[in-house]
Amino acid sequence: MTTTGTPATDTPVFAVHGLWKVFGPKAGRVPGDPRLADLDPAALRARTGCTAAVRDVSFDVRKGEVFVVMGLSGSGKSTLVRCLTRLIEPTAGTIAIDGEDVRAMDRARLRTLRRHRAAMVFQHFGLLPHRTVLDNVAYGLEIQGMGRGERREKAAEVVAKVGLEGMEQRRPAQLSGGQRQRVGLARALAVDPEVLLFDEPFSALDPLIRRDMQEEVIRLHREEGRTMVFITHDLQEALKLGDRIALMRDGRVVQLGTPEEIVGSPADDYVRAFVRDVPREQVLTVRTAMRPPLSSEEAATGPGVSPDATVSEAIEAVSRAGTSARVLDRGKCVGVVDAGALLDVVAGASATTADARADRAVPAPRREPAPPTATTSEEPV
Ligand SMILES: Nc1ncnc2c1ncn2[C@@H]1O[C@H](COP(=O)(O)OP(=O)(O)OP(=O)(O)O)[C@@H](O)[C@H]1O
Ligand SMILES: [Mg+2]
């Protein structure tokens, strides 16, 4: 779901190519040797004693996007993200930030990268227990060498931004889990990094607090357009936050795409099983269900929906109007969605092309659209 007010551009913040991280004895020989590189994890371990945590992974993180890395426990998410700033040393491959080779950086340059350009938010907050909220938030500025007055002023501003005003003098033990994670977030934001890296930041939080924090991330992203790399093993979280999602399995990226692509066109049976229970109508857009208008009259009448509207939103519009809806892109009718095609999406019918839909569009199936369910009513219409 696009959450950004600032459109993502094509300039990558991170460009990763052929990245490997192998743990174990003589790890360096694995990536370059096809007899080892192609082994499955168990066979590689048996043969060499090595674990390939990240295997030949390539992707770009675009400016202004929320790039989600999703996968089951042990699939290599943390290793991958730690390699980006060389908190873990990669075994092979290239990493660039804004075109600069991260693997060629010396220690001073790496320090600048970690302190100024890419800030990390961790699952267990990583707060300093004896420091106040304000001083925890100011910590990154302190190690940057900023003076006390200036850093406290900046920290107070960021504390307010994440909704912790009035708690500046508390210590971490006097905060709830959600509040602690807000401090973790504020500390990362305080250094005004180009990119925020989140390693499962909300998985220790209870569901309601977790939702609050997700909203917070969406809000910050919308307001600031900051680039984010967000790790999660939670599919709902990935779909909610991600502009694009890289789905990992056993160290490999098995699919990289928008939430709509992942849910609508799973690359293989593994991804299909992963997304099986997703309410498709809340993720897929009307583009999936639209067909060309059959007449100039159809192109000129009926309610209008945006091409980015979800199927669930379009069902509401079609249901309310009792006719098909026009998909309007900057005022121009680019297609039509009718109740039948929308319900096919809900039912999980395999993706059909717009042409195929046009073929069977007349007579239009006269089925009553389902009323929106309780879960869809939370979505903006
Ligand atoms: N220092 C290490 N030495 C050896 N193997 C490691 C090391 N760190 C990670 N691994 C292995 O690499 C694989 C990927 O681990 P990683 O921590 O990246 O997974 P993850 O997807 O982040 O999992 P989780 O969701 O549980 O955090 C796992 O098999 C793990 O056991
Ligand atoms: Mg992890």
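First things first, this report covers the structure right here in the doc. What you are looking at is a predicted structure, and each value in this text was computed from that prediction instead of being measured.

## Describing the overall build of the chain
Item 1. When helices and strands are counted, the chain shows 16 helices and 13 strands.
Item 2. Here the chain, with 381 residues, has 40% of them falling under the buried criterion.
Item 3. Restricting the contact set of the chain to residue pairs at least 6 apart, pairs at least 24 apart contribute 69%.

## Quick notes on helix α7 (residues 148-161)
Item 1. Between its first and last C-alpha, α7 extends 20 Å over 14 residues, near the 20 Å set by a 1.5 Å rise per residue.
Item 2. Listed as buried for α7 are R151, A155, V158 and V159. Taken end-on, α7 shows its buried residues confined to a sector of 105°, consistent with a single buried face. Within α7, the exposed residues directed more than 90 degrees away from the buried face are G149 and E150.
Item 3. Check the buried side of α7 and you find it contacts α6 (133-144) and α8 (177-190).
Item 4. Backbone geometry just downstream of α7 places G163 in the positive-phi region, at approximately 80°.

## Things to note about the site of ligand 1
Item 1. F23, T51, A53, G71, S73, G74, S75, G76, K77, S78, T79 and H233 make up every residue found near ligand 1.
Item 2. Grouping the constituent residues of the shell around ligand 1 by class yields two nonpolar, nine polar and one charged.

## Focus on the sheet that holds strand β6 (residues 118-121)
Item 1. Judged by pairing direction, the sheet is mixed, and its six strands sit side by side in the order β6-β7-β8-β3-β9-β10 without closing on themselves. Each edge of the open sheet is held by one strand with a lone partner, namely β6 and β10 (252-257). Taken pair by pair, the neighbouring strands of this sheet meet at an average axis angle of 20°, ignoring direction.
Item 2. Looking at chain direction, strand β3 (residues 66-71) and strand β8 (residues 227-232) are connected through five bridges and run parallel.

## What about the sheet that holds strand β2 (residues 51-62)?
Item 1. With antiparallel pairing, four strands are arranged side by side in an open sheet as β2-β1-β4-β5. Each having just a single partner strand, β2 and β5 (100-101) make up the two edges of the open sheet.
Item 2. Across eight bridges, strand β1 (residues 12-23) lies against β2 in antiparallel orientation. Residue pairing in the sheet places F23 in a bridge with T51 of β2.

## Description of α6
Item 1. Of the positions making up α6, those classed as buried are V133, L134, N136, V137, A138, G140 and L141.
Item 2. Buried positions along α6 lie against α5 (107-117), β6, α7 and α8.
Item 3. G145 sits one or two residues past α6 and shows a positive phi near 95°.

## Comments concerning the nonpolar core
The nonpolar side chains of a soluble globular protein tend to be buried, and buried together.
Item 1. Counting residues in each nonpolar core, the largest one holds 93 residues, and the members touching the most others are V137, A186, L197, V229, A314, V337 and L342.
Item 2. In this structure, V337 is in contact with V286, A289, M290, A314, V318, S324, A325, V327 and L342, ignoring residues within four places of it in sequence.

## Quick look at the packing of α6 against α8
Item 1. Between α6 and α8, the shortest axis-to-axis distance is 7 Å and the interhelical angle comes to 35°. As for the relative orientation of α6 and α8, their crossing is right-handed in sense. The residues of α8 that touch α6, namely those facing V133, N136, V137, A138, Y139, G140 and L141, are V183, A186, R187 and A190.
Item 2. When its residues are assigned to classes, the contact of α6 with α8 shows eight nonpolar, two polar and one charged.

## With respect to the packing of α8 against helix α9 (residues 207-224)
Item 1. Put simply, α8 and α9 touch, their axes get as near as 10 Å, and they point 25° apart. Judged by the inter-axis angle, α8 sits roughly parallel to α9. Crossing of α8 over α9 shows right-handed handedness. Contacts between α8 and α9 involve G177, G178 and Q181 from the former and I209, D212 and M213 from the latter.

## Topic: the pairing of strand β12 (residues 325-329)
Item 1. The pairing of strand β11 (residues 304-305) with β12 spans two bridges and is parallel. Bridging from a neighbouring strand, V305 pairs with V327 of β12.
Item 2. Once the chain exits β11 it traverses helix α14 (residues 311-321) before rejoining the sheet at β12, and the crossover so formed is right-handed.
Item 3. In this structure, β12 lies alongside strand β13 (residues 332-337), joined through five bridges in antiparallel fashion. Along β13, the bridge assignment pairs D329 with K332.
Item 4. Two successive antiparallel strands, β12 and β13, enclose a turn made up of two residues, where R330 displays a positive phi of approximately 50°.

About the criteria used
- Residues numbered from 1 in each chain as written.
- Chains lettered and ligands numbered in written order.
- Predicted model: local features only at pLDDT ≥ 70, side-chain atom pairs only at ≥ 80, totals over all residues.
- Helix = DSSP H or I, 4+ residues; strand = E, 2+ residues; numbered from the N terminus.
- Buried ≥ 20, exposed ≤ 12 C-beta atoms within 10 Å, placed from the backbone.
- Contact = placed C-beta atoms within 7 Å.
- Expected span 1.5 Å × (residues − 1).
- Arc of directions from axis to C-beta.
- Near = placed C-beta within 6 Å.
- Nonpolar A, V, L, I, M, F, W, Y, C, P; charged D, E, K, R; others polar.
- Pairing = 2+ DSSP bridges.
- Axes fitted to C-alpha atoms, helices over the stretch in contact; angles between N-to-C directions.
- Core = buried A, V, L, I, M, F, W, Y, C linked by C-beta atoms within 7 Å.
- Left-handed = near helix turned anticlockwise from the far one by under 90°.
- Parallel < 35°, antiparallel > 145°, perpendicular 65-115°, else oblique.
- Right-handed = clockwise from strand over helix to strand, strands pointing away.

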